[in-house]
Amino acid sequence: MSLPLLTSAPGKVIIFGEHSAVFNEPAVAASVSALRTYLLVSAAQDPKVVELDFPDIKFDKQWSGEALATIAAGVQPEAVTDSRELNADLSNALESLLQPLSGSLHYQAAYCFLYMYFSLCGTRTGVKFTVKSSLPIGAGLGSSASLAVCLALALGKLGGHLKHGTESLTKEELAFVNKWSFIGEKCIHGTPSGIDNMVATYGSAVLFQRLPSGETKSEQILSFPQIPMVLTNTRIPRSTKVLVAGVKDLIVRQPEVMKPILESMGVVASSGAQILSQLTDANYESLCELVRVNHGLLVALGVSHPGLELIKSVGDSMNIGHTKLTGAGGGGCALTLLSRGARPEEVEKFKRTLESEHNYKTYTTGLGGPGCGYIAPELVQQNFSSIEPLFRKDSTASDLNKVLLPSSGSFQWIH
Ligand SMILES: Nc1ncnc2c1ncn2[C@@H]1O[C@H](COP(=O)(O)OP(=O)(O)O)[C@@H](O)[C@H]1O
Ligand SMILES: C[C@@](O)(CCOP(=O)(O)O)CC(=O)O
Ligand SMILES: [Mg+2]
């Protein structure tokens, strides 16, 4: 596969069922149209290294071909065959490269990359991976899954597992990306449900459920409505891995109490999906009610945060809509489903209050956009001098969107 390669995948908003999704309950999520991750794979200056340049998390790292070959020599070939579980041999072997990064965001990103790189591309060198995202990182909008999907698509092509031409991605190719990005998510946070990588792969909106067998069941919500909502990022940092582990511990301590809560969250999600597929003025209130209930159940799981409760409190006291945290919680983002009667000036006041008094950031983005995709390699090659600067640390989300956003940017994306 010749270089350069450019891939992209969207973030997501979980409308109902975060956390309970990990415990085999149904959940509903939609992709976010204007918040995406982009991966540029180009030739490294030094042909003997593999280089990562992840300016969003201030991470720039090179590994020599010898270091990679040493790892590969210690791993049985079956360690890198595809499976739904992480292979302990490969994970242990990678520890010598990862150990210096432990305790940082860099560790998770590097683990996700290295695991997939060894599995899909072996020890090929002379390649540089640069990632930029218009998504906030670690804020509940699925940046980890969109990174894993961008990598799975690019590495699948680089390693010869996916076609090299310019045709649309086939059903099998999308299934490959979904499967490997799930593995990438495992490296980042241990026990993902798979909903984030599924939405980042396929786009649109889904009702998703992981079954006890490990298989997944999903249904696209084809007529997903543009529900009026404000997404607010508290900018309070948190880690999905830590929050998911905390919920698991709580369930172990209080199984009898937590089981009905998780089941109730599942019922909220399936009822919510049903309403969303046939949303009318008459059932809008029920949707709002489910948003409120889902947030309350997430509070019971211990994953809210005073900073998230503040959004709910401002929204409730202005009577603007119904707020729930979205994603893993503990900080990060909340969604506010606007009441039918909310006037635009009141919505503006709500956003202004959160932004100017609390330094939060609000987003207006459509839901349900396209999933992963790539730009034809010749086009990337021809326009490399205008594309490459977008991947530098000083380029902004709006610079990225202007040129690269599917449908409104300068390039035709292949999905
Ligand atoms: N653009 C990016 N560049 C580098 N690493 C990223 C990027 N986006 C996500 N990551 C990785 O994903 C991790 C955040 O994932 P997570 O805690 O699941 O939060 P979320 O998925 O809600 O954004 C980061 O610590 C980092 O390792
Ligand atoms: C908490 C969870 O439901 C969603 C995590 O999403 P995020 O990483 O916070 O964007 C975990 C999962 O479903 O894998
Ligand atoms: Mg994540």
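Treat the numbers as computed from the prediction; the structure is a model and nothing was measured.

## Observations regarding the UniProt feature "domain: GHMP kinase N-terminal" (unreviewed entry) in the protein
Then, in step 1: The residues that UniProt annotates with the feature "domain: GHMP kinase N-terminal" (unreviewed entry) are residues 118-202.
Then, in step 2: Annotated as residues 118-202, this span is 55% helix and 8% strand, and its ends, taken at the C-alpha atoms, are 25 Å apart.

## Quick look at the UniProt feature "domain: GHMP kinase C-terminal" (unreviewed entry) in the protein
Then, in step 1: Per the UniProt record, "domain: GHMP kinase C-terminal" (unreviewed entry) is annotated on residues 282-349.
Then, in step 2: The distance from the first to the last C-alpha atom of residues 282-349 is 27 Å, and the span holds 56% helix and 16% strand.

## Focus: the pairing of strand β7 (residues 216-220)
Then, in step 1: Pairing of strand β6 (residues 205-210) with β7 involves 5 bridges; the strand directions are antiparallel. Following the sheet pairing, Arg-210 is matched in β7 by Thr-216.
Then, in step 2: Between β6 and β7, which follow one another and run antiparallel, lie 5 residues, and Gly-214 among them has a positive phi close to 100°.

## Regarding the domain arrangement of the protein
Then, in step 1: Split by domain assignment, the protein resolves into domain 1 (5-221 + 367-414) and domain 2 (229-363).
Then, in step 2: On a C-alpha basis, the centres of domain 1 and domain 2 stand 27 Å from each other.
Then, in step 3: Taken together, both faces of the contact between domain 1 and domain 2 bury some 2,600 Å²; the carbon and sulfur share is 72%.
Then, in step 4: Summed over the shared surface of domain 1 and domain 2, the result is 1 salt bridge.

## Description of the environment of Arg-124
Then, in step 1: For Arg-124, the location among the structural elements is in the loop between α3 (105-121) and β5 (127-133).
Then, in step 2: When its relative accessible area of 30% is taken as the criterion, Arg-124 is described as partly exposed.
Then, in step 3: Placed 64 residues apart in sequence, Arg-124 and Ile-188 show a C-alpha to C-alpha distance of 23 Å.

## Focus: the packing of aromatic side chains
Then, in step 1: Enumeration over the complete set of coordinates arrives at 9 aromatic pairs.
Then, in step 2: Among the aromatic residues, those joined into a cluster by ring pairs are Trp-63, Phe-113, Tyr-117 and Phe-129.
Then, in step 3: Its end group placed over the ring of Tyr-374, Lys-157 keeps NZ or CZ at 3.7 Å from the ring centre.
Then, in step 4: Taking NZ or CZ as reference, Arg-340 lies 3.9 Å from the ring centre of Tyr-284, over its face.

Rules and cut-offs
Residues numbered from 1 in each chain as written. Chains lettered and ligands numbered in written order. Predicted model: local features only at pLDDT ≥ 70, side-chain atom pairs only at ≥ 80, totals over all residues. Heavy atoms only, no water. UniProt positions renumbered as here; feature names shortened; annotations may be inferred. Helix = DSSP H or I, 4+ residues; strand = E, 2+ residues; numbered from the N terminus. Pairing = 2+ DSSP bridges. Domains from an automatic or database assignment. Buried area = accessible area lost by both parts, 1.4 Å probe. Salt bridge = Lys/Arg side-chain N within 4 Å of Asp/Glu carboxyl O. Buried < 20%, exposed > 50% of the residue type's maximum accessible area, 1.4 Å probe, protein only. Phe/Tyr/Trp six-rings, centres within 6.5 Å; stacked < 30°, edge-to-face > 60°. Lys NZ or Arg CZ within 6 Å of the ring centre and 35° of its normal.

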